[in-house]
Amino acid sequence: AEFQQQSDFSCVVRDFERHFPDIKLFLISHPPPTDALDDPVHHFDATKLKCDANVLDRTIVNKNVPKDWYWDTQHVLSILNEEYNHQMVEKICPLKGH
């Protein structure tokens, strides 16, 4: 399966949070490679996780972005990293009224 490692790791995230309830963890998905930007099979699906875990899905942001927003076939440039950072901040300390 495309996201098998992340699916298996979801149980580690869940178990850690159960053991340390004051610490909130997130499973962060990998961005799709440039050759799979428009292929829905390569987009993360949290419903396929083995265990229920908090997720920060980076594949959604990458949908339909220009390939020149990638440094190479796997690594994104700062324009996407900035958006990932915004997503993480929103998860850690949500803005009121959103």
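Analysis parameters
Counting of residues starts from 1 at the beginning of each chain's written sequence and follows it residue by residue. Reporting in this predicted model follows two pLDDT cut-offs: at least 70 for local features of residues, and 80 or more for side-chain atom pairs to be given and counted; totals over whole chains, interfaces and linings ignore these cut-offs and use all residues. The side-chain figures draw on all heavy atoms in the structure; neither hydrogens nor water molecules are used. Per-residue confidence from the prediction method is given by pLDDT, with values spanning 0 to 100. Here a strand is any run of E in DSSP of at least two residues, a helix any run of H or I of at least four, and the numbering for each starts at the N terminus. In this analysis, the expected span of each helix is defined as 1.5 Å times one less than the number of residues it contains. Using a 1.4 Å probe on the protein chains alone, a residue whose accessible area is under 20% of its type maximum counts as buried, one over 50% counts as exposed, and one in between counts as partly exposed. What the arc covers is the set of directions going from the helix axis to the C-beta atoms. Between two residues, a contact is recorded if the distance between any of their heavy atoms is within 4.5 Å.

What follows deals with the confidence of the model for the protein. Mean pLDDT over the protein: 82, with 88% of residues reaching 70 or higher. Mean pLDDT values for the elements of the protein range from 82 in helix H2 (residues 59-62) up to 89 in helix H3 (residues 78-92).

In this section: H3. Here H3 is 15 residues long and its end C-alpha atoms lie 21 Å apart, about the 21 Å a rise of 1.5 Å per residue gives. Along H3, the residues classified as buried are Leu 80, Tyr 84 and Gln 87. For H3, the buried positions fall inside an angular range of 60 degrees around the axis, keeping them on one side. Of the exposed residues in H3, the ones pointing more than 90 degrees away from its buried face are Ser 78, Asn 85 and Ile 92. Of the surrounding elements, those touching the buried residues of H3 are strand S2 (55-56) and H2.

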